[in-house]
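# Architecture and fold: a report
The chain contents come next:
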Amino acid sequence: MADRACSVAIIFGVTGLVGRELAKRLISKPKWKVYGVARNPEIIPIKSSSYHFISCDLLDPVETKQKLCLLQDVTHLFWITWASQHPLDTPECCEQNKAMLCNALNAILPMAKALKHFSLQTGMSNYVPVNGKTVHLFDEEWPRPANESCNFYYVLEDLLHETLAGKVGWSVHRPGLLMGSSDRSLFNFIGSVCVYGAVCKHLNLPFVFGGTRECWEESYIDGSDARLVAEQQIWAATSDEICSTHGQALNAINGSSFTWKQIWPSLAKKFGVTMPEEDMFSEDFWFTTAMADKNKVWVEIVKKKNLIQTKMEDLANWQFLDILFRLPAKILGSRAKVDRLGFTMRYKTLDSILYWIDFMRDERFIP
């Protein structure tokens, strides 16, 4: 069993954008031990005597129980993972993600008698605009749609209500567009834009923004720095005045609005690529089309710049960029609740992007 003065975290999805940052922050604090769970280890592992990696397929209930049932000392659980085998917003996606969380809870809860808090990370896709043309700052009390669409976020929250209500404190964190560094994240904005910038520079191609004019000129989504999201989860998990056994939903966003039109020139400068004003924006440019034949180019860049060996798809998701830059409705959140409760960390989204570009360069993922 853990020493009474020691807090023990288990992070599910430790190789993702927020999971990595969360693990690093916790092990840097005194008297924290961290278990990190993921199916596959990172290319760059976390090295610390306070950190223990566990490879586990959470979709396998037998393997999950075998590998997790002995972790009796866990005091804080962070769920930052999801199963992506099925398309989003489908019954199959909901069922699979519920099964994965059930497997983990069934293995952990009977043994972790000292569990104090469960932190669930979902996202701003929790909110569904009533009218695509109407601008709302979504707060945490925004109602679910009347038709109860197949959103696995709702399924996971409902499961926690059923399982933990009145027993263990828990919170739900809803970030917007995540900004961090990982080679194990499906929706990796920083990785995608970095690979795109590197290819443009290598081939001397213009650094074009492909999307709708509305997404180019107007604020459509909030940025969420992985440092902020991780710190907010730690704050909520360790603050007695925040902790609630009935659940606490919290938006996890940077706090300043932005447009891609404002940010794109700074990214071009950062990557050292050309961006003539007339070629800056194009509704006809699609990343999935433009990058479809560039896999070998990335192999050349990795070799020439002596980077860590990755495939293009390890870092970049072109379909994700095409969707992101063509959002049909604005999904902008309110920070009023976390501000009122005393969480003060904020970032300007451009500063977040530039920080994580430098971070990925330092790790030799990008040139």
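Residues numbered from 1 in each chain as written. Predicted model: local features only at pLDDT ≥ 70, side-chain atom pairs only at ≥ 80, totals over all residues. Heavy atoms only, no water.

### Topic: the overall build of the chain
Within the chain one finds 14 helices and 13 strands. Taken over C-alpha atoms, the radius of gyration comes to 21 Å for the chain, in line with the 21 Å a tight globule of 367 residues would show. On the principal axes, the C-alpha backbone points of the chain span a range of 60 × 50 × 40 Å. Within the span of the chain, comprising 367 residues, buried residues form 56% of the whole. Taking contacts inside the chain between residues at least 6 apart in sequence as the whole, the part at least 24 apart equals 80%. Split by element, the accessible area of the chain, about 16300 Å² in all, is 51% carbon and sulfur. Charge separation in the chain, taken as the distance between the mean sites of 40 positive and 41 negative side-chain charges, equals 6 Å. (Helix = DSSP H or I, 4+ residues; strand = E, 2+ residues; numbered from the N terminus. Rg over C-alpha atoms; globule rule 2.2 N^0.38 Å. Buried < 20%, exposed > 50% of the residue type's maximum accessible area, 1.4 Å probe, protein only. Contact = heavy atoms within 4.5 Å. Areas by Shrake-Rupley, 256 points an atom, 1.4 Å probe, with all protein chains shown as cover. Lys, Arg positive; Asp, Glu negative; His and termini not counted. Charge placed at Lys NZ, Arg CZ, Asp CG, Glu CD.)

### Quick word on the packing of helix H2 (residues 61-68) against helix H3 (residues 91-108)
The relative placement of two packed helices is expressed as an angle between their axes plus a distance between the axes. It is at 9 Å that the axes of H2 and H3 come closest, and there the two elements cross at 35 degrees. H2 and H3 meet at a crossing whose hand is right-handed. On the side of H2, the interface is formed by Pro-61, Thr-64, Lys-65 and Leu-68, while H3 contributes Asn-103, Ala-104, Ala-107 and Ile-108. Across the contact of H2 with H3, the residue classes break down as 5 nonpolar, 2 polar and 1 charged. (Axes fitted to C-alpha atoms, helices over the stretch in contact; angles between N-to-C directions. Left-handed = near helix turned anticlockwise from the far one by under 90°. Nonpolar A, V, L, I, M, F, W, Y, C, P; charged D, E, K, R; others polar.)

### Points about the side chain of Thr-349
Looking at the secondary structure, you find Thr-349 in helix H14 (residues 349-362). Not counting residues up to four positions away in its chain, the partners in contact with Thr-349 are Met-179, Gly-223, Asn-254, Ser-256, Phe-258 and Ile-263.

### Remarks on a nonpolar patch on the surface
Where nonpolar side chains cluster on the molecular surface, the patch consists of Leu-88, Leu-186 and Phe-187 and spans about 250 Å² of accessible area. Checked against the element boundaries, Leu-88 lands in the loop between strand E4 (76-79) and H3. (Patch = residues over 30% accessible without salt bridge, like charges linked within 9 Å, V, L, I, M, F, W, Y side chains within 5 Å. Salt bridge = Lys/Arg side-chain N within 4 Å of Asp/Glu carboxyl O.)

### Quick notes on the environment of Phe-53
Summarising the element assignment, Phe-53 is placed in strand E3 (residues 51-55). Separated by 142 residues in sequence, Phe-53 and Val-195 place their C-alpha atoms 28 Å apart. With near-sequence residues (within four places) excluded, Phe-53 lies in contact with Val-14, Thr-15, Gly-36, Ala-38, Asn-40 and Pro-41.

### What to know about the sheet that holds strand E11 (residues 248-252)
A sheet is described by the order of its strands in space; here 7 strands give the open sequence E3-E2-E1-E4-E5-E7-E11, paired in parallel fashion. Each edge of the open sheet is held by one strand with a lone partner, namely E3 and E11. In this sheet, neighbouring strand axes are inclined to one another by 20 degrees on average, regardless of whether the strands run parallel or antiparallel. Those strands touched by helix H7 (residues 226-238) are strand E2 (32-38), E4, strand E5 (117-121), strand E7 (169-175) and E11, and its axis lies near 160 degrees from that of E11. (Pairing = 2+ DSSP bridges.)

### A closer look at empty space enclosed by the protein
The probe, sized like a water molecule, is rolled over the atoms to show the empty space still left. Going through the model one piece at a time under the given rule, you end up with 1 cavity of 30 Å³ or more. One number sums up the size of the largest cavity: a volume of about 40 Å³. Together, Leu-17, Arg-20, Glu-21, Lys-24, Gly-180, Ser-181, Trp-356 and Phe-359 line the largest cavity. For the lining of the largest cavity, the elements supplying multiple residues, two or more each, are helix H1 (17-27) and H14. Here the element with the most residues in the lining of the largest cavity is H1; it accounts for 4 residues. Each residue belonging to the lining of the largest cavity can be placed in one class, and the counts come to 3 nonpolar, 2 polar and 3 charged. (1 Å grid on protein atoms, 1.4 Å probe; cavity = no way out; pocket = protein on both sides within 12 Å on 5 of 7 lines; lining within 4 Å. Points joined across faces, edges and corners; volume = space filled by probe spheres on them.)

### Let's talk about the pattern of salt bridges
The tally for this structure, following the rule as stated, stands at 19 salt bridges. The partner of Glu-363 in a salt bridge is Arg-20, with the nearest N and O atoms 2.7 Å apart. Within this pair, whereas Glu-363 is found in the segment after H14, its partner Arg-20 is found in helix H1, the two being separated by 343 residues in sequence. The salt bridge involving Lys-270 is made with Asp-358; its shortest N-O contact spans 2.8 Å. In this pair, Lys-270 is assigned in helix H8 (residues 260-271) and Asp-358 in helix H14, connecting sequence segments 88 residues apart. Among the residues examined, Lys-270 registers a relative accessible area of 24% and is labelled partly exposed. For Asp-358, a relative accessible area of 32% corresponds to the partly exposed category. Look at the salt bridges and you will find they share partners, linking Glu-21, Arg-25, Lys-29 and Glu-231 into a network.

These values are about where atoms sit, not about what they do.
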